[in-house]
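Residues per chain, in single letters:
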Amino acid sequence: MSLQLVQLTLPSPHEHASPIGTENQSFNAEYRIIETPVGPHIFIADQSRLYAIDNALSHSESELHRALGELIVLNEERAIGLAPIAVPPLHSLSLNVAQACNMACSYCYADEGRFGGKARLMSEEIAFRSIDRLLSEAAEGEPVVVGFMGGEPMLHRELVHAATRYAASHCGEREVRFSLTTNGTLLNACDVQLFHEFPFTVQISIDGDRESNDLARPMLGGGSSYDRIIESLKLFSIHGRPKQLSARVTVTPLTRDLPSVLRHVMSLGFDDVGFAPVVVSPNLSTSFSSRDFESFLADMIACGRIALDELKNGRPFPFTNFLTAIDEIHKGTHRPYPCGAGAAYLSVNAEGEVYACHRLIDDPAFAMGNVRTGLDQESRSKLLARMHVDRMEPCRGCWARYLCGGGCYHEVTRRGRLGCDYIRGWIEFCISAYAELSSSNQYTHFS
């Protein structure tokens, strides 16, 4: 009877190990037995460790607990404790340069970028102060990321260009990278040249072929948003590509045949393609319910199997949701939060007020200071304390919590945790896929 560590990049399993159970966490919640095509595996929540086990162990609870006890009961402290992390230095700041949009997407949670207020544009002074704040708050010598968001940021292209050059000229020896999330309908040659000249990650929102995209993402003044995106993509072949060109596909309960959507969008020449289900929307018909997540999981696994088969045959298949999950399993990622919101990542509205992330703009419950007067470190600290995954129900009893982190703050505060079964099902599929790839050392295709 044996356990064999699968992830090859992890530290020794004896480092930072602890008893499986604690006073507040049940024994069974700390691991998950997963049947894979290459045999049974056990996933241990602490440190997100994955072991191949033999059939005898998988069918004998007492022997399995004995083996786990010998492996884990070495130190008293877990890899992740109940104490919230200290507020880290700022690493990334997104600027909502245009709280307005030229589209009227049916599912837009941001009210066309207005977030319930009026349309407005960020001033150059606020943008430059934001960049100064990022550079002063970041750890010395560490790289930083300046993001441009909306609404649609290219409604204020002059500021995007000016802020990019300001950041590049004021960063000194520090590396500065850029990101831009856009609907892709307004790009011109000068924009594309800027994205090629500086290290930009450009993410374009597109929801499938012409018919399905234009149905969900209409232009305010009429016309096809899909056709405009295609014209923009041609500019990249003429004037140069950014460091990364990504597609974000927003999925509603009305979206059908995700594998076909994935293949179509990938055929347009993006470096990677990812899906995002609509959880928060002013239109209930376009937002997911718990039941909708059941069919979404089946579609996502179908897409994941396509990616898995391609990788097994030595061909890259840049399906972001799958590759990100595989990479985190490979590295043994274990975190008490879903993302960097309120920690190393913050977002600035048009007036210079700072919020935990770009989805929480103008929400006073997630206000984090002002670029003029400084960051509110107490509010950041309180956020990290209350959103720690081991302090929340039902998260603290979930075997997948350190890969999930407890869910998007925006979605959880508006709708609750509708997708927990989906998240566990997706993670379980990805663990099985990782075990299959690792069994023949094919993990090198995504490491």
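Below: a short report on this structure. (Residues numbered from 1 in each chain as written. Predicted model: local features only at pLDDT ≥ 70, side-chain atom pairs only at ≥ 80, totals over all residues. Heavy atoms only, no water.)

Section: the packing of aromatic side chains
Phase 1: Under the defined criterion, the tally for this structure stands at 16 aromatic pairs.
Phase 2: Where Phe296 meets Tyr422, the ring centres are 4.9 Å apart and the plane angle is 45°; that geometry is what we call tilted. You can see Phe296 sitting in helix 9 (residues 290-312) and its partner Tyr422 sitting in helix 14 (residues 420-438), a full 126 residues away along the chain.
Phase 3: By the ring-pair criterion, three or more aromatic residues cluster together here, those being Phe148, Phe178, Phe195, Phe198 and Phe200.
Phase 4: Above the face of the Tyr109 ring, Arg359 is positioned so that its terminal group lies 4.5 Å from the ring centre. (Phe/Tyr/Trp six-rings, centres within 6.5 Å; stacked < 30°, edge-to-face > 60°. Helix = DSSP H or I, 4+ residues; strand = E, 2+ residues; numbered from the N terminus. Lys NZ or Arg CZ within 6 Å of the ring centre and 35° of its normal.)

Structural notes on the packing of helix 10 (residues 320-331) against helix 14
Phase 1: Relative orientation of the contacting elements helix 10 and helix 14 amounts to 70°, with a least axis distance of 9 Å. Considered as vectors, helix 10 and helix 14 are oriented roughly perpendicular to each other. Relative to helix 14, the crossing made by helix 10 is right-handed. For the pair helix 10 and helix 14, the contacting residues are Asn321, Phe322, Ala325, Ile326, Ile329 and His330 in the first and Trp426, Ile427, Phe429, Cys430, Ile431, Ala433 and Tyr434 in the second.
Phase 2: Looking at the contact of helix 10 with helix 14 residue by residue, the classes come out as 11 nonpolar, 2 polar and no charged. (Axes fitted to C-alpha atoms, helices over the stretch in contact; angles between N-to-C directions. Parallel < 35°, antiparallel > 145°, perpendicular 65-115°, else oblique. Left-handed = near helix turned anticlockwise from the far one by under 90°. Contact = heavy atoms within 4.5 Å. Nonpolar A, V, L, I, M, F, W, Y, C, P; charged D, E, K, R; others polar.)

Examining the side chain of Glu152
Phase 1: With respect to the helices, strands and loops of the structure, Glu152 is situated in the loop between strand 8 (144-149) and helix 4 (157-170).
Phase 2: Buried and without a salt bridge, Glu152 has Arg217 as its closest oppositely charged side chain, separated by 6.6 Å.
Phase 3: Here the side chain of Glu152 touches Asn183 through a polar contact of 2.7 Å, landing on its backbone nitrogen.
Phase 4: With residues near it in sequence (within four places) discarded, Glu152 still touches Ala98, Ala100, Cys101, Asn102, Thr182, Asn183, Gly184 and Leu186. (Buried < 20%, exposed > 50% of the residue type's maximum accessible area, 1.4 Å probe, protein only. Lys, Arg positive; Asp, Glu negative; His and termini not counted. Salt bridge = Lys/Arg side-chain N within 4 Å of Asp/Glu carboxyl O. Polar contact = N/O pair within 3.5 Å; in protein donor to acceptor, adjacent residues only side chain to side chain.)

Section: the pattern of salt bridges
Phase 1: Counted under the stated rule, the structure contains 24 salt bridges.
Phase 2: With a closest N to O distance of 3.2 Å, Glu328 and Arg335 form a salt bridge. Across this residue pair, the class does not change: Glu328 and Arg335 are buried.

Some details on the pairing of strand 3 (residues 39-44)
Remember that side chains alternate between the two faces of the sheet whenever the strand is regular.
Phase 1: With 5 of 6 residues buried, strand 3 is to be regarded as a mostly interior element.
Phase 2: Bridge count between strand 2 (residues 31-36) and strand 3: 6 bridges; the pairing is antiparallel. Counted as the bridge partner of Ile33 is Ile42 from strand 3.
Phase 3: Taking the residues that link successive antiparallel strands as the turn, the strand 2-strand 3 hairpin has 2 residues.
Phase 4: In terms of strand pairing, strand 3 meets strand 4 (residues 49-53) through 4 bridges, oriented antiparallel. Its bridge partner lying in strand 4, Phe43 is registered against Leu50.
Phase 5: Between the antiparallel neighbours strand 3 and strand 4 lie 4 residues, among them Gln47 with a positive phi of about 70°. (Pairing = 2+ DSSP bridges.)

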